[in-house]
Amino acid sequence: MTKYQELAENIVGNIGGLDNIESVTNCMTRLRFVLKDNKKVQEDHLKATPGVQGTAFKGGQYQVIIGTDVAHVTDEINKMGKFTPSDQPSADLKEEKIINRVLGAITSIFQPIIPAICGAGMLKAVLALLVFLNVLNVETQTYQLLALLADSAFYFLPVMLAVTSAQYFKANPFYAAVLGAMLIHPTFAAMVASGEPISFAGISVRAVSYGSAVVPPILIVWAMAHIERLAKKISPDPVKIFLVPLLVFLVTAPLAWIIIGPLGALVGDGLLVVFEFFNNQARWVLPVLMGAFTPFFVMTGMHYSFMPVQLAQYATLGYGTLLGPGMLASNIAQSGASLAVAMKTKDKTMKQTAFSASTTALFGITEPALYGVTMKLRTPLWVVVASGGIAGLWAGLTNMRTYASATAGILALPVYLTDDISNIINAVICIVIAFVMSFVLTMFFVNAEGKEKKSTVEANEPTVPFSDTQAVQPLRTPLEVISPLAGQRVAVSDIPDSVFANEIMGRTIAINPNAGQVIAPFDGEVVTIFPTSHAIGIKNAQGVELLIHIGIDTVELEGKGYTAFVQAGDAFKQGDVLVQFDQTFIQDKGYSTITPIVVTNTADFTDVIVHEENKDIQQGDLLLSIFQ
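Conventions and cut-offs
- Residues numbered from 1 in each chain as written.
- Predicted model: local features only at pLDDT ≥ 70, side-chain atom pairs only at ≥ 80, totals over all residues.
- Heavy atoms only, no water.
- Helix = DSSP H or I, 4+ residues; strand = E, 2+ residues; numbered from the N terminus.
- Expected span 1.5 Å × (residues − 1).
- Phe/Tyr/Trp six-rings, centres within 6.5 Å; stacked < 30°, edge-to-face > 60°.
- Lys NZ or Arg CZ within 6 Å of the ring centre and 35° of its normal.
- Pairing = 2+ DSSP bridges.
- Axes fitted to C-alpha atoms, helices over the stretch in contact; angles between N-to-C directions.
- 1 Å grid on protein atoms, 1.4 Å probe; cavity = no way out; pocket = protein on both sides within 12 Å on 5 of 7 lines; lining within 4 Å.
- Points joined across faces, edges and corners; volume = space filled by probe spheres on them.
- Salt bridge = Lys/Arg side-chain N within 4 Å of Asp/Glu carboxyl O.
- Buried < 20%, exposed > 50% of the residue type's maximum accessible area, 1.4 Å probe, protein only.
- pLDDT = per-residue confidence, 0-100.
- Contact = heavy atoms within 4.5 Å.
- Core = buried A, V, L, I, M, F, W, Y, C linked by side-chain atoms within 4.5 Å.

## What about helix α17 (residues 379–397)?
Now for step 1: Given a rise of 1.5 Å per residue, 19 residues ought to cover 27 Å, and the 28 Å separating the end C-alpha atoms of α17 matches this to within 8%.
Now for step 2: Positive phi appears at asparagine 399, one or two residues downstream of α17, with a value of about 60 degrees.

See the structure below:
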């Protein structure tokens, strides 16, 4: 038995067996399952399986992070079950919020075509490099044929999106391909180019160029799927073979020309306004946000959801600023931090993992670095966030742009080639900033266990102010933290949020409350409280910092159901009421009230012990003991 066969069998066994799998596919590093019953997954056993670097559940898919060998594991699983490559979400997705369903749909629709887009983008990059080096002339037929090949992936994008949309919406992919091709047919393109009015049955048709369109084909196929199902119901069996497609085309095409296509084009026009605003007024914003938060987007798989917006940038502006510059900064920062860990750690397994992860991150594949190194050690992850954000700031201030889609790594540098040579020079500087900053910070300020080094002064006599009249005191004896909530303990892995479930922010405890009141777990002061009152950050005189996050995704309630009795800067005593919340209201709105309690500066202490004697816990019960 090969290692891939063994890993595949272990994974299948821990997700409920072959009978629990509806479909399986993969991206560059993740297995993406659609399961019949997500409750059958043995999460703890799965995470402990050698070869599995992490798990996530997003967009109706159960994702298992493997690394760059994921395709081999997928092949073995498909041999075991002969699954179809459908990405249609399971019934569990119906219970998710609309935004999650939309993001899940976008991810599933774009996932199969991303390799083609990246391959075509890299081909355009190679061509640009060859022209820059005077190896190839743009007037030669060799160049023109290769350029035609590279451009085809983008020009015929409506057809590819129509096919993958049909797979997602359970519709006939060949009907969808016809409708996608209809949008870019030479005759229709000539009508649009002529500038003359276009009409169908006397109804005006908006002249829209659909080459490289993203939104229209998805919306059209969504409508087509409903029309197809209706056509199948009303068509007699003897004539279904031609009547169903005839009805689909005659009903869907006019809707596409007159309503759906122009509606999708309006979305593109709106995106253009947004792009122009950021490019003209705040060009640094997108690269900074993407540079800092890409690790969290990767954890949830959300980075694929940005692809349609990026392609819309290429279609409307001719260049991209959303994904390329910021993700380049973040990916290179992962490489730098991982290399520093590899050089410092004495653990042979971690050293090997970190060296390998550093190399793959240089080429834009960061899951091994994220799940195997920086997230596991925690503190290096925050180094990556800071370094990626700073390098992203450089990218934004210098107006770095990509001219084709490519995996954000050092091999993607040619996509920054343009007539202005400064664009690629700025990209190289961005790489240097991200790598050097993350490497140096990790090398000199973070040990191999992910804890910050402490200077002699910090270890013996902390001087960080606690308030105007009180200084942080050394923690010479264990600090006991009481529970701010009454309720039932929840396993950290069961928190329905990957950041908390993976304890990215620090040692985490979760409570599902049975009463809507949060009390102070120690004497201290309020560091910050969100305007929505759903989350509060506090600390005490010994420097222990806690984040109490009441519910999951409850920021979307905009403060409804929450009442805060303190504000930032207020001092409080243990047992004082900090926040009250309407548990019934929150749950009725479809949100979980599971409350993560996080020691956000865990790395500052020798140990954080969670007391788990009882599943049921009352306010005032001992929750944590913290040692310096």
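## Concerning the packing of aromatic side chains
Now for step 1: Applying the stated rule across the entire model yields 10 aromatic pairs.
Now for step 2: With 5.5 Å between their ring centres and 50 degrees between their planes, phenylalanine 200 and tryptophan 257 make a pair best called tilted. Linking phenylalanine 200 in strand β5 (residues 198–200) with tryptophan 257 in helix α11 (residues 240–281), this pair joins segments that are 57 residues apart in sequence.
Now for step 3: Directly above the ring of tyrosine 319 sits arginine 401, whose terminal nitrogen or CZ lies 3.8 Å from the centroid.

## Re the sheet that holds strand β16 (residues 577–581)
Now for step 1: Strand order in the open sheet formed by three strands is β10-β16-β14, and the pairing between neighbours is antiparallel. The open sheet has two free edges, formed respectively by β10 (517–519) and β14 (562–564), since each of these has just one partner strand. Direction aside, the axes of adjacent strands within the sheet are offset by 15 degrees on average.

## Considerations on the layout of surface pockets
Now for step 1: In this model, the second largest pocket occupies a volume close to 1100 Å³.
Now for step 2: Where the lining of the second largest pocket is concerned, the elements lending two or more residues are α1 (3–14), α2 (43–47), α15 (348–362) and α16 (367–377).
Now for step 3: The greatest single-element share of the lining of the second largest pocket, amounting to seven residues, is contributed by α15.

## A few points about the pattern of salt bridges
Now for step 1: Tallying each qualifying case throughout the model produces four salt bridges.
Now for step 2: Lysine 232 is the salt-bridge partner of glutamate 228, the closest N and O atoms lying 3.3 Å from each other. Here lysine 232 and glutamate 228 lie together in helix α10 (residues 215–234), a separation of four residues that amounts to about one turn.
Now for step 3: Close ionic contact of lysine 240 with aspartate 237 constitutes a salt bridge, the shortest N to O distance being 3.3 Å.
Now for step 4: We classify lysine 240 as partly exposed; its relative accessible area is 30%.
Now for step 5: With a relative accessible area of 62%, aspartate 237 lands in the exposed category.

## Digging into the pairing of strand β18 (residues 607–610)
Now for step 1: Burial along β18 is one-sided: Val608 and Val610 are buried, while Asp607 and Ile609, pointing the other way, are not.
Now for step 2: Bridge count for β18 against strand β20 (residues 622–627) is four bridges, and the pairing is antiparallel. Of the residues in β20, the one forming a bridge with isoleucine 609 is serine 625.

## Quick notes on the confidence of the model for the protein
Now for step 1: In this model, the protein carries a mean pLDDT of 82, and residues with pLDDT of at least 70 account for 86%.
Now for step 2: Across residues 86–96, confidence stays below pLDDT 50; counting only partners more than four residues off in sequence or on other chains, it has 34 contacts.
Now for step 3: When the criterion is pLDDT under 50, residues 450–476 qualifies, and its contacts beyond four places in sequence or with other chains add up to 56 contacts.

## Considering the sheet that holds strand β7 (residues 479–482)
Whenever strands of a sheet pair, they do so through backbone hydrogen bonds, lying parallel or antiparallel.
Now for step 1: Pairing in this open sheet of three strands is antiparallel, and the strands run β7-β20-β18 from one edge to the other. Across the chains shown, the open sheet's two edge strands, defined by having one partner strand only, are β7 and β18. Between one strand axis and the next, the sheet turns through 20 degrees on average, direction left out of account.

## So, the nonpolar core
Now for step 1: Phe110, Met224 and Leu311 are the most contacted members of the largest nonpolar core, which has 47 residues in total.
Now for step 2: Among the elements that take part in this core, α10 stands out by supplying seven residues, more than any other.
Now for step 3: Other than its neighbours up to four places away in sequence, leucine 311 contacts Phe110, Ile117, Phe154, Leu157, Val214 and Ser405.
Now for step 4: In terms of nonpolar packing, the next biggest core, distinct from the first, is built from 34 residues, Val566, Leu578, Ile617 and Leu623 among them.

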